[in-house]
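Single-letter residue listing:
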Amino acid sequence: MAYAGQMVENPVTGERIVFRQTAADTNGELVAIDLSLPVGGHVPGVHVHPLQEEAFHVTSGRMKFRYGLKTIVAEAGESVVVPAGKVHSFAQHGDEPSQCRVEIRPALKMEKMFETTVRLAQEGRTNRKGMPKPLDLALFVEEFKDEVKAPFPPAWFVRLVMTPLRAMARRRDQRSKSRTSSQTRSTAPAAA
């Protein structure tokens, strides 16, 4: 569970997130983070928050937003607000790192989503752009369906493709857990 002051860093995308206000702090109203992006830093891809507004307040450097069909470059002191349901992506822009305060309303499970994407990247379970690999993506899409979606393909197609992948991912996780527990039993000292 995230807490104010906690920092997580994605080794693949370069995103560094410091939680400033959590769902617990705001009674679920919002999650506020400070987001730092090094030169070349970016989010894993174009996405939509179906139920949440995302407000970016650039505090240093410049950020480039793809917002629907528009491209916006925002500098320190400028803000970009992305309404719920709007396709967008963002990245650091220019020759210096960028920082911004991001507020996401309502909070939903965004903290857990950020922590999950960072953990998957740290474990080598993402592609070079930071997207979870197929089996993990299938579980991710199900877990965070209210927080984030890809703007395409259609939802029915995603369900059709992801359902068997989720089953495969769950079997993989079960096998991994049973191997771990059997290794623990086999290395435990014998009772005297």
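For the structure, check the block above.
### Some thoughts on the sheet that holds strand S4 (residues 53-60)
Strand order in this open sheet of six strands is S1-S2-S3-S9-S4-S7, and the pairing throughout is antiparallel. Strands at the two margins of the open sheet, each flanked by one partner only, are strand S1 (7-9) and strand S7 (79-82). Across the sheet, the mean angle separating the axes of adjacent strands is 20° when strand polarity is ignored. Here S4 runs beside S7; their pairing, made up of four bridges, is antiparallel. What sits directly across from His-57, in S7, is Ser-79. With respect to the sheet, helix H2 (residues 110-122) is in contact with S1, strand S2 (16-21), strand S3 (31-37) and strand S9 (98-105), its orientation differing from that of S2 by roughly 160°.

### Some remarks on the side chain of Thr-22
Examined against the element boundaries, Thr-22 turns out to sit in the loop between S2 and helix H1 (23-26). According to the relative accessible area criterion, Thr-22 is buried, its value standing at 2%. Leaving out residues up to four positions away in the same chain, Thr-22 has contacts with Ala-2, Tyr-3, Ala-4, Leu-30, Val-31 and Glu-111.

### Let's talk about the nonpolar core
Core analysis: the largest hydrophobic core is formed by 30 residues, its most contacted members being Phe-19, Ile-33, Leu-35, Met-63, Phe-90 and Phe-114. Elements represented by at least two residues in this core include exactly S2, S3, S4, strand S5 (62-67), S7, S9 and H2.

### A word on H2
For H2, spanning 13 residues, the distance from its first C-alpha to its last is 18 Å, which sits close to the expected 18 Å at 1.5 Å a residue. Listing the buried residues of H2 in full gives Met-110, Glu-111, Met-113, Phe-114, Thr-116, Thr-117, Val-118, Leu-120 and Ala-121. Against the buried residues of H2 lie S1, S2, H1, S3, S9 and helix H3 (134-143). One or two residues past the end of H2 sits Gly-124, with phi positive at roughly 75°.

What counts and how
- Residues numbered from 1 in each chain as written.
- Predicted model: local features only at pLDDT ≥ 70, side-chain atom pairs only at ≥ 80, totals over all residues.
- Heavy atoms only, no water.
- Pairing = 2+ DSSP bridges.
- Helix = DSSP H or I, 4+ residues; strand = E, 2+ residues; numbered from the N terminus.
- Axes fitted to C-alpha atoms, helices over the stretch in contact; angles between N-to-C directions.
- Contact = heavy atoms within 4.5 Å.
- Buried < 20%, exposed > 50% of the residue type's maximum accessible area, 1.4 Å probe, protein only.
- Core = buried A, V, L, I, M, F, W, Y, C linked by side-chain atoms within 4.5 Å.
- Expected span 1.5 Å × (residues − 1).

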